[in-house]
Protein chains: 2
Amino acid sequence: MNIMLKIQYDGTNFFGSQIQPAGRTVQGELESVLNQMYSARIVTVFSGRTDSGVHAREQVVNFHIPESKIPPEKIFHPLNSLLPNDILVISSEKADDDFNSRYSAKMRTYRYFFGREHNLFREKYSLICPYDIKIEELNTAAHILIGKKDFQSFCSSNAEVNNYICNVKKILFFKYNDEVVMEITADRYLQNMVRIIVSVFLEFNRGKISQNDILNILEKKDRRSAPKTISPKGLFLWKVDY
Amino acid sequence: MNIMLKIQYDGTNFFGSQIQPAGRTVQGELESVLNQMYSARIVTVFSGRTDSGVHAREQVVNFHIPESKIPPEKIFHPLNSLLPNDILVISSEKADDDFNSRYSAKMRTYRYFFGREHNLFREKYSLICPYDIKIEELNTAAHILIGKKDFQSFCSSNAEVNNYICNVKKILFFKYNDEVVMEITADRYLQNMVRIIVSVFLEFNRGKISQNDILNILEKKDRRSAPKTISPKGLFLWKVDY
């Protein structure tokens, strides 16, 4: 039986979502609990990997299990009782046999949160920007990155990728409570891509680079043309569309 | 010199704000750091005490120090470097000599947050209500508690109080992102008062009691007439007006 989960996690204390030989990961914790529950080796598929420190408000995961006594829509209860406090399964359901969290996904949306002042309750989830965020100007500049483009300049130079083409459907800055959010929707992302995009827009916001410079960064197809990757702490995988 | 701080704290791991012989408290942590900074016994005054588990988005504290080399508006920097992660000083300033956080306060505002669904990032800060919250009906019923009234039914029976009269200026339910908030402003509060008010309104919301029953609870002046005190986790001291 193919099971789909929607999960949340606080990325602060994980070395990213994807399982690796050493270091605590979301997939590692989840598979360890699933192996225990089903007394079998369960392999999970995530909609996409999130970097170390990045959070998820809605990550989608699937895995195949032997027929289960627990109805699929109730599997999240025992899972939550076994998982650590920084992972929460919000729902579980039976999925079509050919559903694959990663390959079936059409669009993925991330949000990056910026706070103006320190706030204890947002310290781990929002980046402090002690200057005005010019929402209108940013939304105008954001058009430069919309569409099917080569995002090599916005990809970690360590990444092993053949294809740098991503189709960015939307980039929108807006106010959210006392904070400002950048929401981005695309079919796929390269490693560190959202965080490098945020860095570029913060430089633009401070008047250090122009719209034309953003275009140049894009056209150079060279990671060194863009500023350094911003902190992961304001970044959330927000939702995945199928 | 009289110093005023605005502080935030996550109440989850405190036995309330007020210092006590045993158990970790906000005042205890703060005074321990101040004593260290000034090599003197510093006594702090809080605008009001918050119960065990209650959070503060803006608590106001004052204390007198010998003349200081650090400018008052910068005192919060060394304080934050010494305080634990669940207390954050958001500002420090010189106050008038006769300013007293508690006695100078005119109004105090609390917010109680209700979530509809589990959310990892709000688990410690919002109470899950798995049923509809009828905002309009609640705002109508809330009028019963507005004004200068005897709130003995809404006070912990353990509290040692002579005067149960509180002047409640405002009770308002409203939507806030995916959550619902009850905001209350009053000149003073009795022990557990906001949490007992929330309990009463939740019973009303579920149709278990009527507006007339709320009036009866108020008029009985007896703690036993009201339902049990709700969890502190959704409750924040939101601001203090002087």
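Residues numbered from 1 in each chain as written. Chains lettered and ligands numbered in written order. Predicted model: local features only at pLDDT ≥ 70, side-chain atom pairs only at ≥ 80, totals over all residues. Heavy atoms only, no water.

Now for the overall build of chain A. Secondary structure summary: chain A contains five helices and 10 strands in total. A principal-axis box enclosing the C-alpha atoms of chain A has dimensions of 60 × 40 × 30 Å. For chain A, with 242 residues in total, the buried portion stands at 52%. A separation threshold of at least 6 residues defines the contact pool for chain A, and within that pool the share at least 24 residues apart is 69%. Of the charged side chains in chain A, 32 are positive and 28 negative, and the gap between their average positions amounts to 2 Å. (Helix = DSSP H or I, 4+ residues; strand = E, 2+ residues; numbered from the N terminus. Buried < 20%, exposed > 50% of the residue type's maximum accessible area, 1.4 Å probe, protein only. Contact = heavy atoms within 4.5 Å. Lys, Arg positive; Asp, Glu negative; His and termini not counted. Charge placed at Lys NZ, Arg CZ, Asp CG, Glu CD.)

Let us look at the relation of the copies chain A and chain B. Superposition record for chain A on chain B: RMSD 0.0 Å, screw rotation 180°, translation along axis 0.0 Å. A rotation of that kind, with that shift, is consistent with a two-fold axis. Among all C-alpha atoms of chain A, that of asparagine 177 of chain A lies closest to the rotation axis, at 4.1 Å. A share of 100% of the interface residues of chain A reappears at the interface of chain B, consistent with the copies meeting face to face through the same patch. (Least-squares fit on C-alpha atoms with pLDDT ≥ 70 in both.)

Quick look at the pattern of salt bridges now. Residues and elements named next belong to chain A. Evaluation of the coordinates by the stated rule reveals 20 salt bridges over all chains. Glutamate 29 serves as the salt-bridge partner of arginine 24, at 3.1 Å between the closest nitrogen and oxygen. Taking the relative accessible area as the measure of exposure, arginine 24 reaches 28% and is therefore partly exposed. Notably, a salt bridge pairs aspartate 86 with arginine 24, separated by 2.8 Å at the nearest N-O pair. Note that aspartate 86 is positioned in the loop between helix H2 (76-82) and strand S4 (87-95) and arginine 24 in the loop between strand S1 (2-9) and helix H1 (26-38), a separation of 62 residues in sequence. A single salt-bridge network, built from bridges that share partners, covers Arg24, Glu29 and Asp86. (Salt bridge = Lys/Arg side-chain N within 4 Å of Asp/Glu carboxyl O.)

Its place among the elements puts glutamate 31 of chain B in helix H1 (residues 26-38). Among all residues touching glutamate 31 of chain B, those that are not within four sequence positions of it are Ile19, Arg41, Ile42, Val43 and Thr44 of chain B.

All names here are of chain A. Domain parsing of chain A yields domain 1 (2-94) and domain 2 (107-241). For domain 1 versus domain 2, the distance between C-alpha centres works out to 27 Å. Contacts between the two partners involve 15 residues from domain 1 and, on the opposite side, 15 residues from domain 2. In this assembly, domain 1 packs against domain 2 so that about 1,300 Å² is buried in total across both faces, 50% of it on carbon and sulfur atoms. (Domains from an automatic or database assignment. Buried area = accessible area lost by both parts, 1.4 Å probe.)

We now examine the interface of chain A and chain B. Chain A puts 19 residues into the contact, and the matching count from chain B is 19 residues. For the pairing of chain A and chain B, the buried interface totals around 1,300 Å² over both sides, and the portion due to carbon and sulfur atoms is 66%. Per-residue buried area on chain A facing chain B is highest for Leu120, Phe121 and Asn177 of chain A; these three make up 46% of the total on that side. Where chain A meets chain B, there are zero salt bridges. Elements with a contribution of two residues or more to the side of chain A that touches chain B: S1, strand S3 (55-64) and S4 of chain A.

Summed over the entire model, instances satisfying the criterion amount to zero disulfides over all chains. Free of any disulfide, cysteine 155 of chain A has its nearest cysteine sulfur in cysteine 166 of chain A, 8.2 Å distant. (Disulfide = S-S within 2.5 Å.)

If you walk through the whole model with that rule in mind, you get 26 aromatic pairs over all chains. Ring centres of tyrosine 9 of chain A and phenylalanine 14 of chain A lie 6.5 Å apart, and the angle between their planes is 75°; this geometry places the pair in the edge-to-face category. Phenylalanine 14 of chain A carries the same exposure label as tyrosine 9 of chain A, and that label is buried. Connected via pairs of aromatic rings, a cluster forms that spans Phe113, Tyr125, Tyr176, Phe236 and Trp238 of chain A together with Phe121 of chain B. For arginine 111 of chain A, the ring lying beneath its charged end belongs to tyrosine 176 of chain A, and the centroid distance is 5.7 Å. For arginine 122 of chain A, the ring lying beneath its charged end belongs to phenylalanine 113 of chain A, and the centroid distance is 5.0 Å. (Phe/Tyr/Trp six-rings, centres within 6.5 Å; stacked < 30°, edge-to-face > 60°. Lys NZ or Arg CZ within 6 Å of the ring centre and 35° of its normal.)

All names here are of chain B. In this model helix H4 (residues 193-205) runs 18 Å from its N-terminal to its C-terminal C-alpha over 13 residues, within 8% of the 18 Å that 1.5 Å per residue would give. Within H4, 12 of the 13 residues are buried, which leaves the element mostly enclosed by the surrounding structure. Of the residues one or two after H4, glycine 207 is the one with positive phi, at around 80°. (Expected span 1.5 Å × (residues − 1).)

Moving on to the environment of lysine 6 of chain A. Residue and element names in this part refer to chain A. Mapped onto the fold, lysine 6 is located in strand S1. In this structure, the C-alpha to C-alpha distance between lysine 6 and asparagine 216, residues 210 residues apart in sequence, is 39 Å. Filtering out sequence-adjacent residues up to four positions away, lysine 6 remains in contact with Glu58, Gln59, Val60, Leu88, Val89, Ile90 and Ser91.

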